[in-house]
Amino acid sequence: MTPTDIVMETGALSLEDAIGHTRWAIREQAPTVLQIQTERGIIVLSQRERADLRAYLANLLARRLEILEGPL
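As the structure is a prediction and not an experimental result, all values here were calculated from the model.

A. Highlighting the overall build of the protein. Each helix and strand in the protein was counted, giving 3 helices and 2 strands. Each helix and strand of the protein, ordered N terminal to C terminal, gives the series α-α-β-β-α. Seen through its C-alpha atoms, the protein measures out along the principal axes to roughly 40 × 25 × 20 Å. A separation of at least 24 residues holds for 56% of the contacts in the protein among residues at least 6 apart in sequence. Within the structure as shown, the protein displays about 5500 Å² of accessible surface, and the carbon and sulfur contribution to it stands at 55%. Both charge centroids of the protein, one from 8 positive and one from 10 negative side chains, sit 9 Å from each other.

In structure tokens form, the structure reads like this:
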């Protein structure tokens, strides 16, 4: 996946926008996830599942940020 792919797939307005949104998600959203919202409803998670999901999301978003901030 390239930075351009991420910008397009996430609907960001620019590379800088995608970087800012990803940093915000790492800082504000990933650490506070309680449930998953899908097109068919909400999946409520146990405490352990929440912790696992938080760790996974932080890792996933960190990898995205590396791609976005890496050399073009």
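Read on for the rest.
B. Structural context of helix α2 (residues 15-29). With 15 residues, α2 extends 20 Å from end C-alpha to end C-alpha; this agrees with the ideal 21 Å at 1.5 Å per step. Packing partners of the buried residues in α2 comprise α1 (3-10) and α3 (47-69).

C. How the structure looks around the side chain of Arg50. Within the secondary structure, Arg50 is located in helix α3. It turns out Arg50 is buried and unbridged, and the closest side chain with the opposite charge, Glu49, is 7.3 Å from it.

D. Structural context of the packing of α1 against α3. Where α1 contacts α3, the axes come no closer than 8 Å and their chain directions differ by 120 degrees. By the angle class used here, α1 and α3 are oblique. Residues Pro3, Ile6 and Thr10 of α1 lie in contact with α3, whose contacting residues are Arg64, Ile67 and Leu68.

E. Representation of the side chain of Thr22 within the structure. For Thr22, the position within the fold is in helix α2. A polar side-chain atom of Thr22 sits 3.2 Å from a polar atom in the side chain of Arg64. Filtering out sequence-adjacent residues up to four positions away, Thr22 remains in contact with Leu61, Arg64, Leu65 and Leu68.

F. Fine view of the environment of Leu60. Secondary-structure assignment places Leu60 in helix α3. Residue Leu60 is classed as partly exposed on the basis of its relative accessible area, which comes to 33%. Sequence separation of Leu60 and Arg48 is 12 residues, and the distance between their C-alpha atoms is 18 Å.

G. Here's a closer look at the nonpolar core. Residues Ile6, Val7, Ala12, Ala18, Ile19, Leu65 and Leu68 constitute the largest nonpolar core, which totals 7 residues. For this core, the elements supplying multiple residues, two or more each, are α1, α2 and α3. Not counting the four nearest positions on each side in its chain, Ala12 is found in contact with Val7, Asp17 and Ala18.

Cut-off values and rules
- Residues numbered from 1 in each chain as written.
- Predicted model: local features only at pLDDT ≥ 70, side-chain atom pairs only at ≥ 80, totals over all residues.
- Heavy atoms only, no water.
- Helix = DSSP H or I, 4+ residues; strand = E, 2+ residues; numbered from the N terminus.
- Contact = heavy atoms within 4.5 Å.
- Areas by Shrake-Rupley, 256 points an atom, 1.4 Å probe, with all protein chains shown as cover.
- Lys, Arg positive; Asp, Glu negative; His and termini not counted.
- Charge placed at Lys NZ, Arg CZ, Asp CG, Glu CD.
- Expected span 1.5 Å × (residues − 1).
- Buried < 20%, exposed > 50% of the residue type's maximum accessible area, 1.4 Å probe, protein only.
- Salt bridge = Lys/Arg side-chain N within 4 Å of Asp/Glu carboxyl O.
- Axes fitted to C-alpha atoms, helices over the stretch in contact; angles between N-to-C directions.
- Parallel < 35°, antiparallel > 145°, perpendicular 65-115°, else oblique.
- Polar contact = N/O pair within 3.5 Å; in protein donor to acceptor, adjacent residues only side chain to side chain.
- Core = buried A, V, L, I, M, F, W, Y, C linked by side-chain atoms within 4.5 Å.

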